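Secondary and tertiary structure notes
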Amino acid sequence: MASFDDDDESHSLRGVIDRKSLLDVRDIAETQEPLATAELDDYIDPSELTITLDDGIGDHTTGRFGVRWSTEDDYNIHYSDPSHDFRWDVHLHSYTEPDDDGHHHPPPRASNDDDDVEDTCIEVRDVETVSRAVLKAWRHAYENDSLDVINGLENPP
């Protein structure tokens with residue numbers, strides 16, 4: 001499964017990785033999503049939280065989210081399984097659109113091509129609400145066996 005690749009795009013988050021925010025995301029994921037288990041790559045000095053899902057979208061039997069969250073509330077939340085990649089990001093970027101820092105890289109590839117990046121449906125920035133919105137969007141795709149509206153839910157969560 002895919003993970004962050006700094007060669008594909010500048011994923012520079014303002015600020016350092018925020019351990020407390022990653023722990024909050026972990027707790028929310030494990031509380032809100034029965035298929036999720038989450039683990040920091042390093043408990044003391046983490047760079048990423050991995051949320052493993054015991055089932056996936058469509059025919060996939062597993063999926064994962066890689067989460068990075070900074071002290072400045074920039075984030076990358078990247079879903080992947082053998083056929084799908086997509087992510088929600090908030091960080092400085094050089095894309096033509098959208099104008100603000102929040103954006104979405106749609107499935108199936110989470111492409112970094114300028115024409116493929118779109119505005120995000122997640123308009124909030126606090127860790128709890130963003131986490132719940134991402135889980136709600138994933139759960140909707142999972143239950144409907146479709147990624148058609150993964151970034152099209154109105155006012156998630």
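This text follows the structure it describes.
Reading the values: the criteria
- Residues numbered from 1 in each chain as written.
- Predicted model: local features only at pLDDT ≥ 70, side-chain atom pairs only at ≥ 80, totals over all residues.
- Heavy atoms only, no water.
- Buried < 20%, exposed > 50% of the residue type's maximum accessible area, 1.4 Å probe, protein only.
- Helix = DSSP H or I, 4+ residues; strand = E, 2+ residues; numbered from the N terminus.
- Pairing = 2+ DSSP bridges.
- Salt bridge = Lys/Arg side-chain N within 4 Å of Asp/Glu carboxyl O.
- Axes fitted to C-alpha atoms, helices over the stretch in contact; angles between N-to-C directions.

Another aspect to go through is the pairing of strand E4 (residues 75–80). The buried fraction of E4 amounts to six of the six residues, a majority that puts the element mostly inside the structure. In E4, alternate side chains face the same way, and those of Tyr75, Ile77 and Tyr79 on one face and Asn76, His78 and Ser80 on the other are all buried. Looking at chain direction, strand E3 (residues 63–69) and E4 are connected through six bridges and run antiparallel. Each bridged residue has a counterpart across the sheet, and for Arg68 the counterpart in E4 is Asn76. In this structure, the hairpin formed by E3 and E4 is closed by a connection of five residues, where Asp73 is found at a positive phi of approximately 65°. As paired elements, E4 and strand E5 (residues 85–90) share six bridges and run antiparallel to each other. When the sheet's bridge partners are listed, His78 is paired in E5 with Arg87. Connecting the antiparallel pair E4 and E5 is a turn made up of four residues.

What follows deals with the pattern of salt bridges. Taken as a whole, this structure holds eleven salt bridges when the rule is applied. The residue Glu48 makes a salt bridge to Arg64 at a minimum N-O spacing of 3.6 Å. Of this pair, Glu48 sits in the loop between strand E1 (36–40) and strand E2 (49–53) while Arg64 sits in strand E3, placing them 16 residues apart in sequence. Just as Glu48 is buried, Arg64 falls in that class too.

As a further point, take the sheet that holds strand E6 (residues 102–105). With antiparallel pairing, the six strands of this open sheet are ordered in space as E1-E2-E3-E4-E5-E6. If you trace the sheet from one side to the other, it starts and ends with E1 and E6, each paired once. Recorded for the sheet is a direction-independent mean angle of 15° between the axes of neighbouring strands.

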